[in-house]
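Examining the three-dimensional arrangement
For reference, the chains in residue letters:
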Amino acid sequence: MSTDSSAPRFGVDLGGTAIKLGRVEGEQLVSRLEITTPHHAEQCLDAIAAGVRTLADGSPIHQLGIGVPGVISTARLQVSNAPNLEFLEKLPLVAMLRDRLDCPVLLENDANAAAFGEAQIGAGRGVLNFMFITLGTGVGGGVILNGTPFHGPGGMAGEIGHMYTGHQRQCGCGTIGCLEAIASARAMETLAAQQLGRTLSLKELAAAAREGDRDALSVFRTSGLALGIALSQVALLLDLRVFLFGGGGAPALDLLAPHALKEMAKRCFGRCASDFQLTVATLGNDAGIHGAARLI
Ligand SMILES: [Zn+2]
């Protein structure tokens with residue numbers, strides 16, 4: 001690819017409902033497109049290729065990076081498991097896009113791509129080792145070690161959403177006790193409905209908690225403690241100190257973090273709450289595009 005740092009780069013954040021595409025120049029996302037995800041392989045890849053060409057507007061496309069929610073094969077050529085995009089599983093995704101755009105294509109898990117975006121120009125800039133966690137419909141994670149995403153031999157590293165946190169709630173993965181089943185944005189809304197007896201969005205729940213509503217505060221205490229249990233295990237295993245949060249649940253981090261930090265200080269011997277940094281990531285919904293565009 002071009003070594004000119006000002007040359008445009010193209011990144012795609014492929015989701016189950018929307019495809020977000022962006023053109024990045026230097027640190028700026030100069031243009032972006034968002035289209036509904038066609039749930040058919042050829043149509044989906046055609047839509048991505050057409051979107052990238054639109055963003056290129058005649059400029060050469062030196063490289064395309066794409067983040068996909070699923071397990072990426074070790075050789076990073078295809079997606080081996082993608083519950084929300086099953087039609088793409090086990091297809092030669094990289095080759096199919098390369099054929100359409102005639103440029104190198106780099107594939108990455110979406111959480112890893114977002115983590116890499118934060119590492120490059122977001123809240124993780126200058127931090128060699130950290131974990132990025134998305135609190136959304138589920139809970140995803142990407143681990144950055146020595147400045148690059150850590151995949152593991154099967155491409156499944158960072159699945160913090162399915163770590164056991166000691167509760168008895170059922171998770172979508174088929175087991176009980178997962179972090180995702182108690183601390184995703186959706187899980188917090190479910191807890192709120194059970195605790196308060198009415199349906200609240202996470203934003204409304206957070207507002208109620210900030211006004212001192214005891215039931216709303218108790219939801220964040222429950223979810224925050226579970227988060228602390230999961231983060232403790234990550235901290236014990238990898239000695240990570242910095243955890244960045246994205247997704248729809250991130251704006252409620254101030255309500256979760258005190259409980260999580262208390263639990264981490266309790267469970268991580270030799271460390272105290274101030275040793276850890278739990279911070280909202282800075283690139284928001286564009287972290288995946290930024291990261292994909294910068295993949296190497
Ligand atoms: Zn699970």
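Every chain is numbered independently, its residues counted from 1 as its sequence is written. Selection of residues for local features in this predicted model requires a pLDDT of at least 70, selection of side-chain atom pairs for listing and counting requires 80 or more, and totals for whole chains, interfaces and linings are taken over all residues.

The next subject is the overall build of the protein. Helix numbers and strand numbers start at the N terminus; a helix is a DSSP run of H or I with at least 4 residues, a strand a run of E with at least 2. Secondary structure assignment for the protein yields 9 helices and 12 strands. In this setup the radius of gyration rests on C-alpha atoms only. A globule is expected at 2.2 Å times the number of residues raised to 0.38. Its C-alpha atoms give the protein a radius of gyration of 19 Å, within 12% of the compact-globule value 19 Å for 296 residues. A total of 296 residues make up the protein; the buried ones form 48% of that total. Working definition of a contact: two residues with C-beta atoms, positioned from the backbone, lying within 7 Å. In the protein, the share of contacts with a sequence separation of at least 24, taken over all contacts with a separation of at least 6, comes to 62%. Partly exposed residues are those whose C-beta has more than 12 but fewer than 20 other C-beta atoms within 10 Å; 20 or more makes a residue buried and 12 or fewer makes it exposed, with C-beta atoms placed from the backbone.

Take the sheet that holds strand S11 (residues 242–246) next. Spatially, 5 strands are ordered S10-S9-S8-S11-S12 in an open sheet, and the strand pairing comes out mixed. Each edge of the sheet is formed by a strand with only one pairing partner; in this case those strands are strand S10 (148–149) and strand S12 (277–280). Pairing of S11 with S12, which is carried by 4 bridges, proceeds in the parallel orientation. Residue Leu244 lies in a different strand from S12, and its bridge partner there is Thr279. Two strands make a pair as long as DSSP finds a minimum of two bridges between them.

The pairing of strands in a sheet comes from backbone hydrogen bonds and takes either a parallel or an antiparallel form. Taken in spatial order, the 5 strands make up an open sheet running S3-S2-S1-S4-S7, and their pairing is mixed. One side of each edge strand has no neighbouring strand; the edge strands of this open sheet are strand S3 (28–36) and strand S7 (105–109). Adjacent strand axes in the sheet meet at a mean angle of 20 degrees, parallel and antiparallel pairs treated alike. The pairing of strand S1 (residues 9–14) with strand S4 (residues 64–68) spans 4 bridges and is classified as parallel. For Gly11, the partnering residue across the bridge sits in S4 and is Gly65. Lines fitted to C-alpha atoms define the axes here, with helix axes fitted over just the stretch in contact, and angles between the N-to-C directions of these axes take values from 0 to 180 degrees. Where helix H1 (residues 41–56) meets the sheet, it contacts S1, strand S2 (18–25), S3 and S4, and its direction lies at approximately 30 degrees from that of S2. Sheet contacts for helix H3 (residues 110–121): S1, S4 and S7; angle to S7, the most-contacted strand, approximately 100 degrees.

So, about the domain arrangement of the protein. Note that the domain bounds were set by an automatic or database domain assignment. The domain boundaries assigned to the protein delineate domain 1 (9–115 + 286–293) and domain 2 (124–280). Computed over C-alpha atoms, the centres of domain 1 and domain 2 are 27 Å apart. Listing elements by their share of the side of domain 1 that touches domain 2, those giving two or more residues are strand S5 (71–72), S7 and H3. Residue contributions to the side of domain 1 that touches domain 2 peak at 4 residues, all from H3. Among the residues forming the side of domain 1 that touches domain 2, the class breakdown is 6 nonpolar, 4 polar and 1 charged. Note on residue categories: nonpolar means Ala, Val, Leu, Ile, Met, Phe, Trp, Tyr, Cys or Pro, charged means Asp, Glu, Lys or Arg, and polar means any other residue, Gly included.

Right, let's talk about helix H5 (residues 185–196) for a bit. Helix span, expected: 1.5 Å multiplied by one less than the number of residues in the helix. An ideal rise of 1.5 Å per residue puts 16 Å on 12 residues; H5 measures up with 16 Å between its terminal C-alpha atoms. Along H5, the positions that sit buried rather than exposed are Ala185, Ala187, Met188, Glu189, Leu191 and Ala192. Contact partners of the buried residues in H5: strand S8 (130–135), helix H4 (180–183), helix H6 (202–210) and helix H7 (214–238). Once H5 ends, the next one or two residues include Gly197, with phi positive near 70 degrees.

On to the nonpolar core. Counting 90 residues, the largest nonpolar core has Phe132, Leu179, Ala183, Met188 and Phe245 as its most contacted members. Among the elements that take part in this core, H7 stands out by supplying 10 residues, more than any other. When residues no more than four places from it in sequence are discounted, the contact partners of Leu179 are Val139, Ile160, Gly161, Met163, Thr165, Ala226, Leu227 and Ala230. Throughout this description, the term nonpolar core refers to a group of buried Ala, Val, Leu, Ile, Met, Phe, Trp, Tyr and Cys residues whose C-beta atoms join them within 7 Å.

What follows covers the pairing of S1. The buried fraction of S1 is high, at 6 of 6 residues. Residue alternation in S1 divides its side chains into two sets, Arg9, Gly11 and Asp13 and Phe10, Val12 and Leu14, and both sets are buried. The sheet contact formed by S1 and S2 spans 6 bridges and is antiparallel. By the bridge assignment for S2, Val12 is matched with Leu21. Linkage of S1 to S2, two consecutive antiparallel strands, is achieved through a turn of 3 residues.

Let us now look at the packing of H5 against H7. How two helices sit against one another is set out by the angle between their axes and by the gap between those axes. At their nearest, the axes of H5 and H7 sit 9 Å apart, and the two run at 140 degrees to each other. Comparing their axes, H7 and H5 come out oblique. Once H5 is placed against H7, the crossing between them reads as right-handed. Across the interface between the two elements, Met188, Leu191, Ala192, Gln195 and Leu196 from H5 touch Asp215, Ala216, Ser218, Val219, Thr222 and Ser223 from H7. Class assignment for the residues of the contact of H5 with H7 results in 6 nonpolar, 4 polar and 1 charged. By the definition adopted for this analysis, an angle is roughly parallel if under 35 degrees, roughly antiparallel if over 145, roughly perpendicular if from 65 to 115, and oblique otherwise. Note on convention: near helix rotated counterclockwise from far helix by under a right angle means a left-handed crossing. Clockwise means right-handed.

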